[in-house]
Amino acid sequence: MMEVLKQAGYSLATLMVVMNYGLLLVGLVTIIVARVHGRIGPPIWQPYINILKTLSMRTALSHGIMFYLGPVFRIVGGIGLLFFMPVVYGSSWMQNFSFAGDVILVVYFVFFGMLGMALGAAESGHPYSAIGIMRGLAQNTAAELPFALALMALAAQHQTLSITDIVAAQQGGIAHWNMITNPVATLAGMLAFFGMMMHSPFDVHLAPQEIPIGPPTEFHSSYLALMQTNRSIFHAAKLILFMNLFFGGATSIFVMVVKTFALLMVVVFAGVVFPRYRVEQSIRWFIRIPLAVGILAVVISAWK
Amino acid sequence: MSDEIKKVNGIDEGFDEISEYFCDARPSPVSPSANRIVRNFQNWAQANSIFILGFGTGCGAIELRPLFTARYDVSRYGLFPRPTPRQSSLFIIGGYASIKTMKRIIRSYEQIQNPKFVMGLGSCTVNGGMYWDSYNTINRLDHYIPVDVYVAGCMPRPESLIAGFDRLKELIMEGKAEGANTYAENFDWYKNNQKKIIKNWNMPEYNW
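Residues numbered from 1 in each chain as written. Chains lettered and ligands numbered in written order. Predicted model: local features only at pLDDT ≥ 70, side-chain atom pairs only at ≥ 80, totals over all residues.

Draft legend 1. Representation of the overall build of chain B in the model. From N to C terminus, chain B includes seven helices and five strands. When each of the 208 residues of chain B is scored for burial, the buried share is 42%. Summarising the internal contacts of chain B: among those between residues at least 6 apart in sequence, 81% fall at separations of at least 24. (Helix = DSSP H or I, 4+ residues; strand = E, 2+ residues; numbered from the N terminus. Buried ≥ 20, exposed ≤ 12 C-beta atoms within 10 Å, placed from the backbone. Contact = placed C-beta atoms within 7 Å.)

Draft legend 2. Region of the structure containing the environment of V36(A). Residue placement: V36(A) occurs in helix α1 (residues 2–37). For the pair V36(A) and L24(A), spaced twelve residues apart in the sequence, the C-alpha separation amounts to 18 Å.

Draft legend 3. Geometry of helix α10 (residues 253–273) of chain A. Residues and elements named next belong to chain A. Taking 1.5 Å per residue as the helical rise, α10 with its 21 residues ought to reach 30 Å, and the 30 Å between its terminal C-alpha atoms agrees with that figure. Those residues of α10 that fall on the buried side of the exposure criterion are M256, T260, L263, L264, V267, V268 and G271. Looking straight down α10, one finds its buried side chains confined to an arc of 135 degrees; they lie on one side. Turned more than 90 degrees away from the buried face of α10 sit F254, A262 and V273, all of them exposed. Close packing links the buried residues of α10 with α1, α8 (183–196) and α9 (221–246). (Expected span 1.5 Å × (residues − 1). Arc of directions from axis to C-beta.)

Draft legend 4. Summary view of the interface of chain A and chain B. In this complex, chain A contributes 29 residues to the contact, which on the side of chain B involves 22 residues. Secondary-structure elements contributing two or more residues to the side of chain A that touches chain B are α1, α2 (46–55) and α9 of chain A. The element best represented in the side of chain A that touches chain B is α2(A), accounting for five residues. Here the side of chain A that touches chain B is composed, by residue class, of twelve nonpolar, twelve polar and five charged. (Nonpolar A, V, L, I, M, F, W, Y, C, P; charged D, E, K, R; others polar.)

Draft legend 5. Examining the nonpolar core more closely. Residues V106(A), A150(A), A188(A), F193(A), A237(A) and I240(A) are the most contacted members of the largest nonpolar core, which totals 65 residues. The element contributing the most residues to this core is α9(A), with eleven residues. F117(B), L121(B), Y183(B) and Y190(B) belong to the second-largest nonpolar core, a separate cluster that totals 44 residues. (Core = buried A, V, L, I, M, F, W, Y, C linked by C-beta atoms within 7 Å.)

Draft legend 6. Expanded view of unusual backbone geometry. With an omega of 5 degrees, the peptide bond running from S200(A) to P201(A) counts as cis. Examined against the element boundaries, P201(A) turns out to sit in the loop between α8 and α9. Note that the residue after C154(B), namely M155(B), is joined by a cis bond; omega there is -5 degrees. With respect to the helices and strands, the residue M155(B) is situated in the loop between β5 (149–151) and α5 (158–173). The residue M198(A) is not glycine, and still its phi comes out positive at about 60 degrees. The exposure class of M198(A) is buried, given the 22 C-beta atoms found within 10 Å. We note that S221(A) has phi near 45 degrees; this positive angle belongs to a residue other than glycine. By the secondary structure assignment, S221(A) is in helix α9. Under the C-beta neighbour-count criterion, S221(A) is labelled partly exposed, with 19 such atoms within 10 Å.

Draft legend 7. Molecular detail of the packing of α8(A) against α9(A). Residue and element names in this part refer to chain A. One way to put it is that α8 packs onto α9 with a least axis distance of 11 Å and a crossing angle of 175 degrees. Comparing the axis directions of α8 and α9 gives the class roughly antiparallel. Here α8 contributes T186, G189, F193 and M196 to the contact with α9, which in turn contributes K238, F242, L245 and F246. Tallied by class, residues from the contact of α8 with α9 come to five nonpolar, two polar and one charged. (Axes fitted to C-alpha atoms, helices over the stretch in contact; angles between N-to-C directions. Parallel < 35°, antiparallel > 145°, perpendicular 65-115°, else oblique.)

Draft legend 8. Structural detail: the confidence of the model for chain B. Residue and element names in this part refer to chain B. Considering every residue of chain B, the mean pLDDT works out to 86; 88% of them sit at 70 or more. Contacts of residues 1–12 to residues separated by more than four positions or lying in other chains number eleven contacts, the stretch itself having pLDDT below 50. Both scores are available for the predicted complex, with the pTM at 0.90 and the ipTM at 0.89. (pLDDT = per-residue confidence, 0-100.)

Draft legend 9. Layout of the pairing of strand β1 (residues 50–55) of chain B. Residue and element names in this part refer to chain B. With six of six residues buried, β1 lies mostly within the body of the structure. Alternating residues of β1 divide into I50, I52 and G54 and F51, L53 and F55, and every residue in both groups is buried. In this sheet, strand β2 (residues 79–81) lies alongside β1 in parallel orientation, the contact comprising three bridges. In the sheet register, F51 faces β2, and the bridge partner there is F80. Where β1 meets strand β3 (residues 90–94), four bridges bridge the pair, whose relative direction is parallel. In the strand pairing of β3, L53 is matched with F91. (Pairing = 2+ DSSP bridges.)

Draft legend 10. Summary view of the sheet that holds β3(B). Residues and elements named next belong to chain B. Here we have five strands laid out as an open sheet, ordered β2-β1-β3-β4-β5, and parallel in their pairing. Two strands bound the open sheet, and with one partner strand each, they are β2 and β5. Along the sheet, successive strands turn relative to each other by an average axial angle of 25 degrees, direction set aside. Here strand β4 (residues 117–121) pairs with β5 via three bridges, running parallel. Pairing of L121 across the sheet is with V151, part of β5.

Draft legend 11. Looking closely at helix α3 (residues 99–111) of chain B. Residue and element names in this part refer to chain B. The end-to-end C-alpha distance of α3 is 19 Å, a good match for the 18 Å that 13 residues give at a rise of 1.5 Å each. Within the sequence span of α3, burial applies to M102, I105, Y109, E110 and Q111. Turning to α3, the residues buried within the fold contact β1, β3 and α7 (187–197).

Draft legend 12. Representation of the confidence of the model for chain A in the model. Confidence along chain A averages 90 in pLDDT terms, with 98% of residues attaining 70 or more. Across chain A, α2(A) holds the top mean pLDDT of 95, while helix α4 (residues 102–124) of chain A sits lowest at 87.

Take a look at the structure:
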């Protein structure tokens, strides 16, 4: 019992570290995108001020219980994803609650928040929320296919469903990373990664600049603060997940920061270079090349 | 007009079907935190992160777009476009407001959460400007919703808008930008003024 409580305390500390790291990443990405546009951009701590500002709104209204629970489900998805995988491999306090079958659980958590948001956004009664969530669910489902296939290939390669075991198998230098030992699965996973990170060219369902701003159209005040917080946690958690799966995990916080930052930059640079896909274009894109690569990865792992 | 036709057209009684989506409760003023430190901190956060709902009612809105480009870039001052009234806190009325648009302005304004700020852009919002004797535009915006800052000019340049944002930030920091509470306290006066110009009031009495 004491062990569990101790681990819970450690996991909360990990959550705080990852949340702040995620908030700084969000601020930094805004600056990088602004610099590419030739602008100066907001200060790096702007996400903190935005959260404080939304928390200091004096009124909030609810459209019903699911509207209230939508952002809660969303943040449960982000925190759940983080809590069931090792953030830093071998560290006693950043090991979290990883267990034998966490690969399966993690796939559920990636999708869980989106489904919660779908229910919340639907209850808000706003038509643009419904359109946004429909687009988001369609695109994420398409992106999950190659990701799931890549996970199957990894599970077959290492004969395990535990992320900690997958990370353990990759220790001992870059030659042991799944990026080298299983390049086809890594390719499928990384192509899915573009869709799952919700950056341009796959962010049309968020529609950050248009009149309907996607699923969160009706969410405001502390609901929005919860979603802004989750955005940073979920962002960082997904980066850590991909680092663990394909790039050898991390043995210290420094290595974790370097690897996840490099991973994020791949998506950000692709996003500032390429224009946005419409939803039907992105779904078509996902079920052509990434899905084919994913199937190839599974076939290769079955061959061995 | 018979009842059936009214329902088909969605005018007056036709609103019953969707009225459950709206809250008809009158707004009540919510005073800022009594603790001075907390209040100043909240005002600081409000001033340094302003989400803009730009309402391009007139030609003035053309001066809003350059603000987000490389030349003026207001994001460095903590101002961001946020095209939904629920999340935004600064409502910019971009020029003349016709009576038809006033209905949308009022509904959008009422959906913004407290504290909310309004900026009147261009002379048309101050006194009607070149449209002062027009049959279908309003002359003074602050008869219908409380306005915190006016940026006069026809058209005001983006630089004047940035100066207006600075003035608004000062007002917020000093705790003087309490338009939402003013609106709630003088609700009947504002509603009376609004109903004087809007003859076909086919919207909820108060729309949160």
